Structures are given as C-alpha cells and as structure tokens.
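One-letter residues, chain by chain:
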Amino acid sequence: MDRITFHYDTVLSDVHMLLPNARHLMSRLNRVGQPVFISKFKILSDSERAGTELTEVTEAGGDTRGQDGGRVEASVDEDGDFEITHRPRSPPEGSGRDPVCPVILHQSDPGQEEQEEEEEEDEEEEEGEVVIRIEHTMATPLEDVGKQVWRGACLLADFILSDPGRFRGDTVLELGAGTGLTSITMATAAKTVYCTDVGEDLLSMCERNVALNKHVMEASGGQVKVRHLDWLQQDLPTDAEVEFSWTEAEVEDLYDNTSVIIAADVCYDDELTDGLFRTLQRLCSHFSHTCTVLFSLERRMNFTLRHMDVSCEAYDHFSRCLSQLEEVEDDRCSFSVQRLPVDFPQFLLYERIEQLELWRVTSTPRHARDHHARDHHARDPHARDHHARDHHARVAATVDGPEVSAQTSS
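About the criteria used
Residues numbered from 1 in each chain as written. Predicted model: local features only at pLDDT ≥ 70, side-chain atom pairs only at ≥ 80, totals over all residues. Heavy atoms only, no water. Helix = DSSP H or I, 4+ residues; strand = E, 2+ residues; numbered from the N terminus. Buried < 20%, exposed > 50% of the residue type's maximum accessible area, 1.4 Å probe, protein only. Contact = heavy atoms within 4.5 Å. Areas by Shrake-Rupley, 256 points an atom, 1.4 Å probe, with all protein chains shown as cover. Phe/Tyr/Trp six-rings, centres within 6.5 Å; stacked < 30°, edge-to-face > 60°.

(A) Expanded view of the overall build of the protein chain. Broken down by element type, the protein chain carries 12 helices and 15 strands. In the protein chain, which comprises 410 residues, the proportion classed as buried is 43%. Restricting the contact set of the protein chain to residue pairs at least 6 apart, pairs at least 24 apart contribute 71%. Carbon together with sulfur atoms contributes 48% to the accessible area of the protein chain, which is approximately 23,000 Å² in total.

(B) Representation of the packing of aromatic side chains in the model. Tallied over the entire structure, the rule returns 8 aromatic pairs. On the numbers, 5.9 Å between centres and 55° between planes, the contact of F277 with F318 is tilted. Note that F277 is positioned in helix α8 (residues 270–285) and F318 in helix α9 (residues 313–326), a separation of 41 residues in sequence. For F277, a relative accessible area of 6% corresponds to the buried category. Judged by relative accessible area, which is 1%, F318 ranks as buried. With a centroid separation of 5.4 Å and an interplanar angle of 75°, the aromatic rings of F295 and F318 are classed as edge-to-face. Of the two residues, F295 sits in strand β11 (residues 291–298) while F318 sits in helix α9, which places them 23 residues apart along the sequence.

(C) Here's a closer look at the environment of I261. For I261, the position within the fold is in strand β10 (residues 258–264). Assessed through its relative accessible area of 0%, I261 is described here as buried. Spatially, the C-alpha atom of I261 lies 9.9 Å from that of L283, the residues being 22 residues apart in sequence.

Written as structure tokens, this is what we have:
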C-alpha cells in the first residue's frame with residue numbers, strides 16, 4: 001500500500017506528523033482492512049527537553065502577550081482588518097524540531113521486522129534512551145478514533161512522567177485507553193493499570209502495544225491488564241470464555257484498591273460523554289476511599305452551520321457534565337473539580353498547544369468527609385462549643401418543642 005485514501009468522514013490525527021526523522025512502518029492490516037503503523041515515542045532527556053519549547057500560539061479572539069508577559073496591541077491593516085500572525089512553517093533555529101514528512105514503508109517480512117526491532121532496541125539500550133513503541137492507525141472514521149494517537153494522551157503522559165512518585169504503587173483505571181500509550185506510561189510508576197476500552201480490534205491493538213513495551217515497565221514492576229469496559233453498560237463482563245473479560249478477583253481489586261482514574265481525549269460525542277460520567281459516578285460511589293480522576297483533553301474549534309460561528313460543542317458539553325458532577329447529591333460520595341496548570345515539563349515530542357487542558361476531579365466518600373468534620377470539631381474548641389450548642393438545640397427541640405429550642409439557641 002503506497003498511500004492512504006481519505007474519505008469525507010476520515011479523521012486524521014496529526015501527532016505522528018511531529019516526530020522528527022520518524023519512520024512509520026506499516027506492520028499489518030487490521031480486521032477491518034485499515035493499515036496499522038508502528039511509531040516510536042522517545043522519552044526526552046533533560047537536554048532534549050530544553051530544545052523543545054514551543055512558540056506560544058494565541059487563541060483566536062484572546063489576549064496576545066509578549067515574551068515578558070505584557071499585552072501586545074493587535075495590529076490592523078489600512079482597512080481596519082486584523083493582521084493575523086501565523087506560526088512559522090519552518091521551526092526556528094535551535095528549536096530541536098526538524099521539518100519532516102512521515103515515510104510510509106511497505107509491510108516487511110515479519111522475521112526481518114523482528115530482527116530490525118531487536119537491533120534498534122540494542123542501540124537504544126546502549127545510548128540509554130527510553131522508547132515507547134505504539135501500534136496505531138493514522139486516519140479512521142470517527143467511530144475508530146481510539147486507534148489513533150492524540151495530543152491529550154501525550155499531555156497526560158507528560159503529567160505522569162513529571163512526577164511518577166505520586167502514582168508509585170497505585171492501582172489505576174484508564175477509561176477509553178485507545179492505543180494504550182497513557183496506560184503504558186502510567187505502568188512505569190503504578191503497580192497495576194487496568195487499560196479499558198471497547199471493541200476486540202482496538203483491545204487487541206492495546207494488548208500488542210503492552211507486549212511491545214514490556215521493557216519500559218520492567219524497572220518499576222508495573223503491569224497493564226487490557227480489559228473491556230463499556231460506558232453504556234452497567235456491568236463488567238466476567239465470562240471467562242469472552243476475550244478481555246474481568247476475573248472476579250480483578251473486579252474486587254478494582255473496587256477495593258483503585259485510587260486513580262485517568263481519561264485522555266475521550267470527549268468528542270455527547271452520548272458517550274454522558275455515559276463516561278455515569279460510569280465515573282457509579283464507580284466512585286462504590287469506592288470506600290478517596291479517588292483522583294484526571295481528564296486531559298483538547299478544545300477543538302469547529303465552525304457550525306447551526307451557530308454560524310466557531311464553537312466547541314463537545315468541550316462545552318464536557319464542561320456542563322463537570323459542573324453537574326460537582327453538584328451531585330449522592331449519599332455515598334461527593335465530587336470536587338479543579339483545573340490544573342499545564343506548565344510541567346514535556347517528555348514526549350508533540351505540539352503542546354494552549355487548547356490542551358488537564359482537569360482533576362476528587363471523589364470523596366461521605367463517611368470520610370464526615371470523619372474529617374468530626375476531627376476538625378475535636379481539634380477546634382470554638383467548633384466544639386458551636387457543635388455543643390447545636391446539639392443542645394436539637395435535643396431541646398425534640399423534648400420541649402420549638403419554643404424551648406428557640407430560647408436555647410439564643
């Protein structure tokens with residue numbers, strides 16, 4: 001196959017376009033006839049990261065700021081139209097990013113391919129490089145976008161690599177894992193990662209990627225388990241004869257020990273986003289412990305005929321779901337939401353545009369919150385006095401009626 005055919009409904013991820021000197025080896029055709037490629041994602045060293053700082057891209061309609069942080073006045077032409085400064089097509093000198101086009105190679109002989117991979121691995125071990133190999137597609141219909149690599153996964157991988165100690169020994173669940181890049185990265189720190197999605201073809205690709213990257217996870221002893229989890233269904237499949245099903249022990253481990261849930265670039269369809277948040281709430285309401293949920297996503301601007309303007313409908317729906325989650329009145333848990341800064345170091349080579357966001361949701365069991373409140377009252381004498389007055393008021397209201405209660409409260 002010499003070229004990819006694009007259709008009207010084709011969705012193309014551009015992450016692979018920004019890999020300098022990358023070879024995109026077409027390794028096989030998947031079950032539906034899509035070409036599958038293998039790309040290498042090298043974890044950058046300190047010196048390499050210093051050369052990957054990207055020029056700030058200004059959001060349309062937003063403030064433009066100079067290098068010193070001060071506001072720069074927008075320039076207009078003689079007709080009063082805004083003059084738009086586009087990003088340079090060639091990278092500045094010393095940026096560390098060479099202009100390249102991906103080279104698509106023919107499918108090679110499997111034996112020759114394995115030999116080449118072993119030689120490459122030996123070279124990388126000698127040079128001390130850490131490389132994650134990912135099987136993926138480059139262009140798919142919308143329903144198969146999980147088979148591509150997206151910036152949100154790279155951003156979340158950067159966040160994990162920036163401080164792996166925060167996930168050391170954790171049990172982690174990834175929702176909508178796609179190619180498994182983020183799960184594999186998480187396994188360099190976490191104890192167990194449940195890498196979940198739907199579709200046998202996609203999950204098989206995930207499992208192959210886990211096998212390709214055992215060398216990355218060996219040092220930490222982390223493991224990735226690829227499992228089926230459908231946001232539109234309530235139950236986890238536990239039929240041993242069905243591929244990617246859960247064992248009873250894994251289901252128990254999931255509910256007893258999961259302390260972190262991650263999801264990268266999974267909000268592009270409103271129905272699926274609703275299912276994602278229902279799944280999230282259902283899982284957290286069964287946890288007896290606090291759980292941290294990390295969302296990374298890209299705000300994608302689209303011109304819609306309905307609005308006759310540029311909008312971010314999928315992102316807007318995600319934002320509404322976040323707000324509703326924070327307002328949930330659940331007897332078992334409560335949720336708090338916080339947007340995190342994305343100023344942590346960049347470990348993978350991709351374009352970290354300003355439309356990339358990282359959100360943290362904290363799920364707290366009600367009993368843990370009540371226990372915290374009791375501890376606070378025990379430590380604070382003013383809180384104890386106030387609590388005592390409230391207690392006496394409630395007792396008086398029960399025994400003597402509302403008039404005594406009012407007198408006691410005053």
